[in-house]
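# Breakdown of the fold
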Amino acid sequence: MAVDLSLTIGQGSKQELILRNPVMVASGTFSNGLEFAKRFDVDALGALVSKGTTLHPRRGNPQPRTGETASGMINSIGFQNIGVGAVVSEAAPVWSRWQVPVLVNIMGETIAEYGQLAERLDGVRGIAGLEVNISCPNVAAGGMEYGQDPEQAAAVVREVRRHTSLPFTVKVTPSVSDIRPIVVAVQEAGADAITVMNTIPAMAIDIKRRKPVLATTFGGLSGPAIKPVALRMVFLTASVSTVPVLAAGGVSNGTDAIEFFMAGASAVQVGTATFRDPEAAWKVLAGITEWCEQEGVTSLSDIVGAARRKD
Amino acid sequence: MTTEVTESARLYGNTHIVWLTMPPELHSATPGQFVMTYAGENSDPLLGRAFSIARVRTSDAGREFALLFDIVGRGTEWLSRRAPGDAVRVVGPLGRGFEPRERVQRMLLVGGGIGVAPLVWLADRLIEDGREVTLALGGRTAAQIFPAHLLPSDVEIVVATEDGSLGTRGLVTAPFEELLPWCDQAFACGPNPMFEAMHGVVRHSGLRKPVQALVEEQMACGMGICYSCAVFPRRGGVRLVCTDGPMFDLRDLY
């Protein structure tokens, strides 16, 4: 029995983004995919999201940048990336030879920079869409501050919308008292999907050194430890969203993915799990398919939001 | 890929050795390359641990490789408790290992603490190649020094300990300074302050000896996707230990 796993983002718009299945890799956990594509069949996945990209190349934060925590990790990489110019000239030509759509995750230090990034990436062969990052906890300017205020978030999204015809998702932060006003603001401003969520601001302390583990003191928590938080955020988002919800936060296997679908997500992004097992995303996909076959589910849309129904 | 423990023992001090069956994927590995090793069955501890391949041997069971490590946390604690027959998941070989020059004879190896691990296999290979090998080992105390009798007998061993309990008292950079004029090429593995001190020694010597440093930084993935293990070379930019290294030319770093 074949299971229909496909998903369309930006339905009805000029450039629809069609995912053959709902398994993506999360930004910052796959670099730009160039190395992995040599070893694994990236075309089998639903979509890839690039490393967070800024207008100019960035070296990122000093060491230490990561630390392990209970069933998770904290990171403060600080947006080390090759810059949008190199993404266009070096990565996109490779992506254009792949079947799997690639979304470029973009982050500006100002609202205007988001527009400039969107403009540079518009119409570039190999780039299927954008993920607008208004939720990075590890940068001094931009990032999360835009994601914590509905008006600022909407201003970023309008700026991006003005400068691109590409479909795009907006990646939001869990560091808000209520996610729903942010979701409403960004979808009204033109977002085609919402990525829920980025890492949770957190810290760890090294008692031997009597210092924070990370050079930047704070970082973002990811991994299985944050899945219950992400599930709630997805559930809340789905209560107000009119566009597809892409769930990120501790997805490590097929069961995790099914939980997120039932909470209201249309796709999942596999992130930190890839660090433990480079084939994690493919295993999540296999797990979803197997579960659907066992349960007699022929279309994934049948279970999206299942846990939201009151009966 | 899954490997099986064939032997596990405390080798000296707080340092353990675990021998594992060597899957065919690892047969192409060279000294200085590493594997990611995953502790536990579930997500805790979450991340892989990077270990240099410390030695390779062939027994009745086929080819095996060794990991040499100090017990410093949950991952190494877990690994030290594996018994023969237990499965351990690994990914590798990863990174860029040592690159000994051809047609040079005098090889100086410098290990600080557990940094000796990749140098053991390198020493084995260089001796097989018929080169002259001097291994300078440093540690806080005698219990941190790899036992001389476990190395090929042709390896010349020089030891420095900070407390003077074995060899000369002081840091391994002192014997490095003495031996630098002798060697054609040097290879080092140890903590970053050791590399920095070695770089100072090379610069003050005025000798243009090639020194390859095997760098360690915290890794989450080992495969170039998490950007944890960044190093910042003197000339600018940023490199990743896992994919650009772990072997770097010492003069590119400082």
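Residues numbered from 1 in each chain as written. Chains lettered and ligands numbered in written order. Predicted model: local features only at pLDDT ≥ 70, side-chain atom pairs only at ≥ 80, totals over all residues. Heavy atoms only, no water.

### Re the nonpolar core
Grouped together as the largest cluster of nonpolar side chains are 136 residues, with contacts concentrated most on Leu-130 and Ile-288 of chain A together with Phe-176 of chain B. With seven residues, helix α10 (residues 280–295) of chain A is the single largest residue contributor to this core. Each of domain 1 (2–94) and domain 2 (106–253) of chain B gives at least three residues to this core. If we skip the residues at most four places from it in the chain, Phe-176 of chain B touches Leu-108, Val-110, Ala-186, Met-198, Val-201, Val-202 and Val-211 of chain B. Counting 30 residues, the second largest nonpolar core, distinct from the first, contains Ala-66, Leu-135, Val-155 and Cys-189 of chain B. (Core = buried A, V, L, I, M, F, W, Y, C linked by side-chain atoms within 4.5 Å. Buried < 20%, exposed > 50% of the residue type's maximum accessible area, 1.4 Å probe, protein only. Helix = DSSP H or I, 4+ residues; strand = E, 2+ residues; numbered from the N terminus. Domains from an automatic or database assignment. Contact = heavy atoms within 4.5 Å.)

### Describing empty space enclosed by the protein
Residue and element names in this part refer to chain A. Applying the stated criterion to the full structure yields three cavities of 30 Å³ or more. In this structure, the largest cavity spans a volume of roughly 530 Å³. For the largest cavity, the lining is made up of 36 residues, of which Ser-27, Thr-29, Asn-75, Asn-198 and Thr-199 are closest to its centre. Elements with a minimum of two residues in the lining of the largest cavity: β6 (72–75) and α9 (273–276). Per-class residue counts for the lining of the largest cavity are 14 nonpolar, 20 polar and two charged. (1 Å grid on protein atoms, 1.4 Å probe; cavity = no way out; pocket = protein on both sides within 12 Å on 5 of 7 lines; lining within 4 Å. Points joined across faces, edges and corners; volume = space filled by probe spheres on them. Nonpolar A, V, L, I, M, F, W, Y, C, P; charged D, E, K, R; others polar.)

### Looking at the confidence of the model for chain B
Overall, the predicted model of chain B reaches an average pLDDT of 96, with 100% of residues at or above 70. Overall fold confidence for the complex sits at a pTM of 0.94, while the interface term, ipTM, reaches 0.94. (pLDDT = per-residue confidence, 0-100.)

### Examining the domain arrangement of chain B
Residues and elements named next belong to chain B. Per the domain assignment, the segments of chain B are domain 1 (2–94) and domain 2 (106–253). If you look at the interface, domain 1 gives 24 residues, while domain 2 gives 25 residues. Between domain 1 and domain 2 lies a buried interface of about 2,000 Å² when both sides are counted; carbon and sulfur atoms form 68% of it. Of all residues in domain 1, Tyr-12, Pro-31 and Arg-55 bury the most surface against domain 2, accounting for 31% of the area lost on that side. Joining domain 1 to domain 2, the criterion identifies one salt bridge. Notably, a salt bridge pairs Arg-55 with Asp-124, separated by 2.8 Å at the nearest N-O pair. The interface formed by domain 1 and domain 2 holds three residue pairs in polar contact (both at pLDDT 80 or more) in total. For the side of domain 1 that touches domain 2, the secondary-structure elements that each account for two or more residues are β1 (2–12), β3 (34–38), β4 (49–52), β5 (55–59), β6 (62–70) and β7 (87–94). For the side of domain 1 that touches domain 2, the residue count by class is 16 nonpolar, six polar and two charged. (Buried area = accessible area lost by both parts, 1.4 Å probe. Salt bridge = Lys/Arg side-chain N within 4 Å of Asp/Glu carboxyl O. Polar contact = N/O pair within 3.5 Å; in protein donor to acceptor, adjacent residues only side chain to side chain.)

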